[in-house]
Each structure stands twice: as C-alpha cells, then as structure tokens.
Amino acid sequence: MGYHLAQRGRPCLILDAGDRIGDPWRQRWDSLRVFTPARYDGLPGWRFPASGWSYPTKDEVADYLESYAARFHLDVCPGERVERLSRDDGGFMVAAGERRYRADHVVVATGGYQAPRIPSFAADLDPGIVQLHSTQYRNPSQLSDGAVLVVGAGNSGGEIAIEAAAAHHTWLAGRDTGQEPLRAGGWGDRVLTPPFWFLLSHVLTVRHALGRKVRQDLSHRGLPLARVRRKDIVAAGIERVPRVVGVAGGKPLLDDGRTLDPGTVVWCTGFRSDFSWIDLPVFDDEGNAMHDRGVVAAAPGLYFIGLFFLYAGNSSLIGGVGRDAAHIAAHITAHQAPHVAEDQALSIAEHQAADVDTRRAPNISGLPVTLTRSNLRLLRSIRRRGARGPSPGR
Ligand SMILES: Cc1cc2nc3c(=O)[nH]c(=O)nc-3n(C[C@H](O)[C@H](O)[C@H](O)COP(=O)(O)OP(=O)(O)OC[C@H]3O[C@@H](n4cnc5c(N)ncnc54)[C@H](O)[C@@H]3O)c2cc1C
C-alpha cells in the first residue's frame, strides 16, 4: 500500500503495533516455510531475492519485508497500536496510545490472521492438559509428556502433527481439507503453478460466480494441504480422528462419542477478525467488513486490504496483494481531498520529527494515514528541523 501510494505522490504513515517489521512471520513456528514459491512471494517493485522455485523460510520472509520497507523508504512507526478509529469532522481520528492522528484516508492493513479462533469449550478441558494455539506453537519442546491432539487438519495442523509425531502418539482431528494435486517443489508443480496462479488472480475473483462460490466454500474450512501430503500424515504414524465437538469429564470429546486423553492439545483451528477497535458502522452481522474490492462505501475514505478474498483468491497472499493496493491507491488519488489543513499534517509531521533519530528498523503494514504533497513538504521541513533539534521559540 505504501509503495503504490508513494508511486502516485501520496506518501503515507504506516502505524504498526509490532516492534519490528515481519514479526507476524518471525513469531510463527520454527520450521515453517512458505507454501508459495519465491517467484510468487514478491511485493510490488522488488521480487523476492531467492531462486524462483525455492520456498523461503519464515524468517527470510520477515527479513524481506523489513528490507522492502527500508528500500522504498516507507514511513513506518513501530510500536503504535491503533486502539480506536472513528469519524472526525469529515475525516478520521486515529487514536494510538497518547497520540491522535487526523487523516482523510485510512487503509486498514491489519492482516487476515488477527485473533486465534479457539472453541469456547476449550476452557472446560482439564487444567493439566497443555493447550496451545498454532500462533503459540514454536517447536516440539513445548509439548508435554503423553499424547498430542492436534485439532484442525489443514496445513498448520498437518505440519505441526508431523513434528509432534516424531516423539509422541499423535491424533489429528477434523475434516480432511483435501490436498493440492502435486507436492510443492516437484517438476509437476512447476508446470501447474503458473496456470494455477493465473486462475487465482483472474478467474477466482469476486466478479466471477466461480470465484464467489470458492470464497464461500473456503471461508468455512481449511485450505487444501500444500506442502504436507496425506501420505506423509499416514507415514508419520498419525491417527486421524473425527472433529472435536466438546469436552466430557475434562477430556476432548470426538464427534463419534469417544474421548481422548492427551497431554497437549494444539488448536490449529484458524483465525477470526478483530475489528473491535474500529468505531464505524462498516461491518455486517458476522463482523465482516463490508467493502467492494477494499473500498468502503459506508465510510468514504476508509479502505481494507489483505483480507481473505478481498478481490481474488490471492488477495491475502504476499504475491497477490499488490494489485489490490494499486486499485486502492488509484481510488485514493481520484478522491483526494482538495485541501488538508496544515495543522492536521503538523501532528503527523511532529511525530515523524520526534522519531527521526530514534526509530529502529521500520515496520511494514498497519494503518497507512495518507498525506497530501503539500503536507509532505511540510513534514520534510519539520523533519529536518527535528534532526537538528528544536528551533528557538518553538
Ligand atoms: C501459518 C501461515 C502461513 C502462511 N503462509 C503463506 C505463504 O506461504 N505465502 C503467502 O503469500 N502467504 C502466506 N500466509 C498469509 C500471510 O500471512 C500473508 O500473505 C501476509 O503475511 C499478510 O500480511 P499482512 O501485512 O496483510 O498481515 P500481517 O503480516 O498479519 O501484518 C499485520 C500487521 O498489522 C499490525 N496490527 C494489527 N492490529 C493493529 C492495530 N490495531 N494497530 C496497529 N497495527 C496493528 C500487526 O502488528 C502486524 O504487523 C500465511 C499465513 C499463515 C497464518
């Protein structure tokens, strides 16, 4: 988003709750690699620096995102968690801790994987059972003695179950999510991936009936297995069991009436959105943002990006987000406010000036707060002053 706004002369501030760019990737489990080959892991303007058919590690992805922000001089403010977004005099007020930002345009880029989704009955499990969500799992050293129950048989569940099975009896509970036709990385996959990516980008979009059907189907179940194959799960000695539907006597209860006795339960049950900090009437009854390709009609100036199937099947993937960002940047440019009062820009500019010497590695993603060209000039002049120290009388 920052790249495409800068391309159109519309720089932005990027507020990010994290300490360091790429932290959502760094914090995933140690052995994770992307399931998309490097040639489809590039953001606009700079391809992923690895062999096109390699599968970067999660830390390599994080480092790429960090380097990307530095390369394009994106103005990122780490450690700025936005706690409230509301309307303010025709624009928006963004509250982050003690700071207030006023913006004509706000793009919510907080990701499609915000809050762990864990069934409420998990609270009734025996307290002696260690429970982790996939976002908390790093490696098998966290697993307690005894058997492991992995709940959710999508990609996260499959990968974590295989690691657990090396030293524990492991159950993998949940519906089979299917698997991609070929193993990632093989020659067949190299042949099939380009047409599949084309399909994801141009056919499976919300403009086509097929795309809408696939979006509907996939929003209620895990994605097909990509790196892990069904036969890997069998070869690892993992026992497939039905869905976990509740708790009986402190133990997980399966759909077939059996209870299990695990030492650890790993919830690979996905994520839910958390937009509780957005104080605007832009959500449907299920809490989903109502938008058309990221543009929110009910709150002009507000945009979402990076959501699952925002526009196409690859909208929430690194290699697919650029097109949506270009669309939103074009919309912002076309609906540019004729004037943004200088004092509004000043609050942003002062923030920048204060940060100029102390900022650590910039952080990507978050909430771009857009500025106009004139405000950027003002910002730069204040920034120069900030770098020299405050001028007398200021
Ligand atoms: C296990 C797993 C594997 C994946 N594998 C792949 C893959 O192989 N290939 C692929 O393309 N994609 C993959 N994805 C999807 C991947 O996460 C996205 O492609 C991409 O990283 C999402 O980027 P994002 O910036 O939209 O969201 P995120 O990377 O989640 O970043 C969101 C940012 O918003 C910040 N934030 C959140 N709330 C606030 C707030 N209130 N105020 C300020 N900041 C806030 C967070 O600190 C964070 O830095 C995977 C996802 C998961 C969960």
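Reading the values: rules and limits
- Residues numbered from 1 in each chain as written.
- Predicted model: local features only at pLDDT ≥ 70, side-chain atom pairs only at ≥ 80, totals over all residues.
- Pairing = 2+ DSSP bridges.
- Helix = DSSP H or I, 4+ residues; strand = E, 2+ residues; numbered from the N terminus.
- Axes fitted to C-alpha atoms, helices over the stretch in contact; angles between N-to-C directions.
- Buried ≥ 20, exposed ≤ 12 C-beta atoms within 10 Å, placed from the backbone.
- Core = buried A, V, L, I, M, F, W, Y, C linked by C-beta atoms within 7 Å.
- Contact = placed C-beta atoms within 7 Å.

Draft legend 1. Spotlight on the sheet that holds strand β4 (residues 91–96). Pairing in this open sheet of three strands is antiparallel, and the strands run β3-β4-β5 from one edge to the other. Because the sheet does not close on itself, it has two edges, and the strands there are β3 (84–88) and β5 (99–103). Each neighbouring strand pair of the sheet contributes to a mean axis angle of 25 degrees, computed without reference to strand direction. Where β4 lies against β5, five bridges are found, and the strand directions are antiparallel. Looking at β5, one finds that Phe92 is bridged to Ala103.

Draft legend 2. A look at unusual backbone geometry. Residue Asp89 is not a glycine yet carries a positive backbone phi of 50 degrees. Mapping Asp89 onto the fold places it in the loop between β3 and β4. You will see that Phe309, though not glycine, has its phi angle at about 55 degrees, which is positive. Relative to the elements of secondary structure, Phe309 occurs in the loop between β16 (302–304) and α8 (321–334). Since 20 C-beta atoms lie within 10 Å of it, Phe309 is described here as buried.

Draft legend 3. Main features of the nonpolar core. Residues Met1, Val94, Val106, Val107, Ile305 and Ile328 are the most contacted members of the largest nonpolar core, which totals 52 residues. Here the element with the most residues in this core is helix α3 (residues 58–71); it accounts for six residues. Discounting residues that sit within four places of it in the chain, Ile305 has contacts with Met1, Val107, Ala109, Gly294, Leu310, Val321, Asp324, Ala325 and Ile328.

Draft legend 4. Representation of the sheet that holds strand β9 (residues 148–151). Read across the open sheet, the five strands follow the order β8-β14-β9-β10-β11; overall the sheet is parallel. Looking at the sheet topology across the chains shown, the edges are occupied by β8 (130–133) and β11 (239–241). Across the sheet, the axes of successive neighbouring strands diverge by a mean angle of 20 degrees, strand direction being ignored. Across four bridges, β8 lies against strand β14 (residues 264–267) in parallel orientation. Bridge assignment links His133 to a residue of β14, and that residue is Trp267.

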